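# Secondary and tertiary structure notes
Listed below, chain by chain, are the residues.
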Amino acid sequence: MTIGLRDLYYAICTEADGVETYGTPKRMAEAMTADLSVKTADGSLYADDTLSESVTEFASGTLKLGIKELAPEVTAEVLGQEVDQNKVVWAGKDDEPPYVAVGFRAKKKNGEFRYVWLLKAKFKIPSEKYETKGESIKFNTPDIEADFTARKKDGRWKADFVGTEESDAAKTWFTAVPEPAATIPAA
């Protein structure tokens, strides 16, 4: 159970010869909501009139973020748009969004946090809504959506950790996209 959401980051993902690497994580926006949905590929094999084998694998996913405000420069970077010398963002029909890793953390009731990185996502152009001010104040905040997939180099799609801010993994969670540490043999 989580009771908050904060520290939304992204890092540009580049790929060479089927191996993904990441740039330094950057603050994306103030997070309000993160809705993560996963699609699986399922297969069943029947033999002798019964289920003999069943396989479920990660196929892809969608991340929908509700954010306070997305700075034009961040929008341009995650959507592959251009920014000119006057800081005007130019969107074009041939823009190609880069793959990015998306990280955030959510506070838990016991003082720990759940830390998450989605390792290979591509953002879609968000819808925009503008509304005149009436008798009461209504905030219009953007949503932005990304599709995510598994990395080519190792098939991983998510890094997920629960711990305190003093935990080793937490200390560097937003300074670099995490990679697997040495595995501990099962006891």
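Scroll up for the structure.
Read on for an overview of the structure. (Residues numbered from 1 in each chain as written. Predicted model: local features only at pLDDT ≥ 70, side-chain atom pairs only at ≥ 80, totals over all residues. Heavy atoms only, no water.)

Here we come to the overall build of the chain. Of regular secondary structure, the chain possesses two helices and eleven strands. Ordered by position from the N terminus, the helices and strands of the chain form the series β-β-β-β-β-α-β-β-β-β-β-β-α. Once the C-alpha set of the chain is aligned to its principal axes, its extents read approximately 65 × 40 × 40 Å. Buried residues in the chain amount to 29% of all 187 residues. When contacts within the chain are restricted to residue pairs at least 6 apart in sequence, long-range pairs at least 24 apart make up 62% of them. (Helix = DSSP H or I, 4+ residues; strand = E, 2+ residues; numbered from the N terminus. Buried < 20%, exposed > 50% of the residue type's maximum accessible area, 1.4 Å probe, protein only. Contact = heavy atoms within 4.5 Å.)

So, on to the environment of V55. Of note, V55 is situated in strand β5 (residues 50-67). Accessibility expressed as a relative area gives 43% for V55, which makes it partly exposed. As for V55 and M1, which are separated by 54 residues in sequence, their C-alpha atoms are 28 Å apart. Sequence-distant contacts of V55, defined by excluding residues within four places in its chain, comprise A41, D42 and G43.

What follows is about the packing of aromatic side chains. Taken as a whole and judged by the stated rule, the model has ten aromatic pairs. Relative to Y115, the ring of F113 has its centre 6.0 Å away and its plane inclined at 55°; by these criteria the two rings are tilted. Assessed through its relative accessible area of 2%, Y115 is described here as buried. Centre to centre, the rings of F148 and W157 are 5.6 Å apart; their planes meet at 15°, and the pair counts as stacked. (Phe/Tyr/Trp six-rings, centres within 6.5 Å; stacked < 30°, edge-to-face > 60°.)

This brings us to unusual backbone geometry. Unusually for a residue other than glycine, D49 sits at a positive phi of about 60°. In this structure, D49 sits in the loop between β4 (31-47) and β5. The exposure class assigned to D49 is exposed, which follows from its relative accessible area of 84%.

Our focus in this paragraph is the side chain of E20. Summarising the element assignment, E20 is placed in strand β2 (residues 19-22). Judged by relative accessible area, which is 0%, E20 ranks as buried. From its side chain, E20 meets the backbone nitrogen of K152 in a polar contact 2.6 Å long. The contact partners of E20, leaving out residues within four places of it in the chain, are C13, T14, E15, K120, R151, K152 and K153. (Polar contact = N/O pair within 3.5 Å; in protein donor to acceptor, adjacent residues only side chain to side chain.)

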